[in-house]
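Spelled out, the chains give:
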Amino acid sequence: MTHQLTIQLDSTETPPTFRPGDTVHGVVRLAAASDLRPRSITLRAFGDEITSLGPNVAMSEHTHPFDLSFNLWSPSPAHAVLPAGEHTYPFEFVLPAVLPPTFSGELTNIAYRIEAKVDLPLHSDLRAEQSFTVRVPPLVDPDKPVRATTSSPQGLTLELELKSSGFYPGDHLLGRLQLIGSTDKPIKQVALELISRERGEAHDFVDRVEGVRVRLEIDPKQLLAGQPFPIDLPIPNDVDPSFNGQHSSKARLVRAQVDLEDGQQLALENVIRVGVR
């Protein structure tokens, strides 16, 4: 029979899931097959934020959004031996109030875990690991409207107004798009897009990846009369939440673009926030 070391977290979800500011409760269990004389039993809880923008070290960044270490057991003159059998060591710690979520992107990966170690002199240490998920905090003021405008030298003004700025997967993005003014140049195309933008930094290098999640093409005739065009864009159920990390971020933008036949363009963006229920 061999020694066994395990970590159990108090969570109703699989994998265990928490939000910034939560108190994490758990227990380390040591099943000793024989008497042990450890130097210590320690616990470390931490996160890894790893951004990679290229093949060499100068284009990579690795930091810890948080890093906590503490002792669960230390020997004393009266208790230097752990007898064979099961031993439990409860623990708790508080996650920082500001913490990026668990994330797997094209430029950055963010992961969280807990490691327990039994330090055994002259023997291989006993180790156990338990990963956990961090979600973004609930959205604050999601119903706050946002508005953006842009104008051309010819006097055309494009206006995009959204009724809300915070959304959850499955919601619908509502608002209006309006083209104010007149032009003798035909409008070639009008499009509205929901954009995903991931950004990463590593030392002196910066990169970003964009993708169109939802695209709506609008008949130009709908805007020529100057009347507001009603917007209803679905937020996909599988979108990642918005966040800012130590050297990474994930943002969502609503981009409106009007292309004229002569090559001129009017374009603008509104930043929105996506959360997790």
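In what follows, the structure referred to is the one given above.
Source: prediction; values computed, not measured. (Residues numbered from 1 in each chain as written. Predicted model: local features only at pLDDT ≥ 70, side-chain atom pairs only at ≥ 80, totals over all residues. Heavy atoms only, no water.)

A. Region of interest: unusual backbone geometry. Backbone torsion omega between Thr-14 and Pro-15 reads -5°, so that peptide bond is classified as cis. Considering the arrangement of structural elements, one finds Pro-15 in the loop between strand S1 (4-9) and strand S2 (17-18). Positive phi, close to 60°, is recorded for His-203, a residue that is not glycine. (Helix = DSSP H or I, 4+ residues; strand = E, 2+ residues; numbered from the N terminus.)

B. Fine view of the nonpolar core. Among the nonpolar cores identified, the biggest contains 34 residues, and Val-28, Leu-30, Phe-91, Ile-114 and Phe-132 are the most heavily contacted of them. Of all the secondary-structure elements, those providing two or more residues to this core are S1, strand S3 (23-32), strand S4 (40-52), strand S6 (67-73), strand S7 (85-94), strand S9 (108-119) and strand S10 (126-134). Here the element with the most residues in this core is S9; it accounts for five residues. Among the nonpolar cores identified, the runner-up in size contains 30 residues, and Leu-179, Val-190, Ile-231 and Leu-266 belong to it. (Core = buried A, V, L, I, M, F, W, Y, C linked by side-chain atoms within 4.5 Å. Buried < 20%, exposed > 50% of the residue type's maximum accessible area, 1.4 Å probe, protein only.)

C. Examining the side chain of Asp-259 more closely. Residue placement: Asp-259 occurs in strand S19 (residues 248-260). Lacking a salt bridge, the buried Asp-259 has Arg-215 as its closest oppositely charged neighbour, with an N-O distance of 6.4 Å. Within the structure, the side chain of Asp-259 is placed 3.3 Å from the side chain of Gln-257, a separation counted as a polar contact. Only 2.9 Å separates the side chain of Asp-259 from the side chain of Gln-265, close enough to count as a polar contact. Contact partners of Asp-259, with chain neighbours within four places excluded, come to Ile-187, Lys-188, Gln-189, Gln-264 and Gln-265. (Lys, Arg positive; Asp, Glu negative; His and termini not counted. Salt bridge = Lys/Arg side-chain N within 4 Å of Asp/Glu carboxyl O. Polar contact = N/O pair within 3.5 Å; in protein donor to acceptor, adjacent residues only side chain to side chain. Contact = heavy atoms within 4.5 Å.)

D. Molecular detail of the pairing of S1. Burial of the side chains of S1 is restricted to one face: Leu-5, Ile-7 and Leu-9 are buried, whereas none of Gln-4, Thr-6 and Gln-8 on the reverse face is. In this structure, S1 lies alongside S3, joined through six bridges in antiparallel fashion. The residue bridging Leu-9 from the neighbouring strand is Gly-26, located in S3. (Pairing = 2+ DSSP bridges.)

E. Structural view of the sheet that holds S1. Here three strands make up an open sheet; going across it, the order is S1-S3-S7 and the pairing antiparallel. At either end of the open sheet lies a strand with only one pairing partner, and these are S1 and S7. Within this sheet the neighbouring strands show an average axis-to-axis angle of 20°, counted without direction. (Axes fitted to C-alpha atoms, helices over the stretch in contact; angles between N-to-C directions.)

F. The pairing of strand S14 (residues 172-180), seen in detail. For strand S12 (residues 157-162) and S14, the ladder comprises six bridges, and the chain directions are antiparallel. Residue pairing across strands places Leu-160 opposite Leu-177, the latter belonging to S14.

G. Region of interest: the layout of surface pockets. Estimates place the volume of the largest pocket at around 310 Å³. Taken together, 21 residues make up the lining of the largest pocket; nearest its centre are Val-136, Pro-137, Ser-242, Phe-243 and Asn-244. Listing elements by their share of the lining of the largest pocket, those giving two or more residues are strand S18 (243-244), S19 and strand S20 (265-274). With four residues, S20 is the single largest residue contributor to the lining of the largest pocket. Residues belonging to the lining of the largest pocket are distributed by class as follows: 15 nonpolar, three polar and three charged. (1 Å grid on protein atoms, 1.4 Å probe; cavity = no way out; pocket = protein on both sides within 12 Å on 5 of 7 lines; lining within 4 Å. Points joined across faces, edges and corners; volume = space filled by probe spheres on them. Nonpolar A, V, L, I, M, F, W, Y, C, P; charged D, E, K, R; others polar.)

By themselves, these observations are geometric and do not establish any function.
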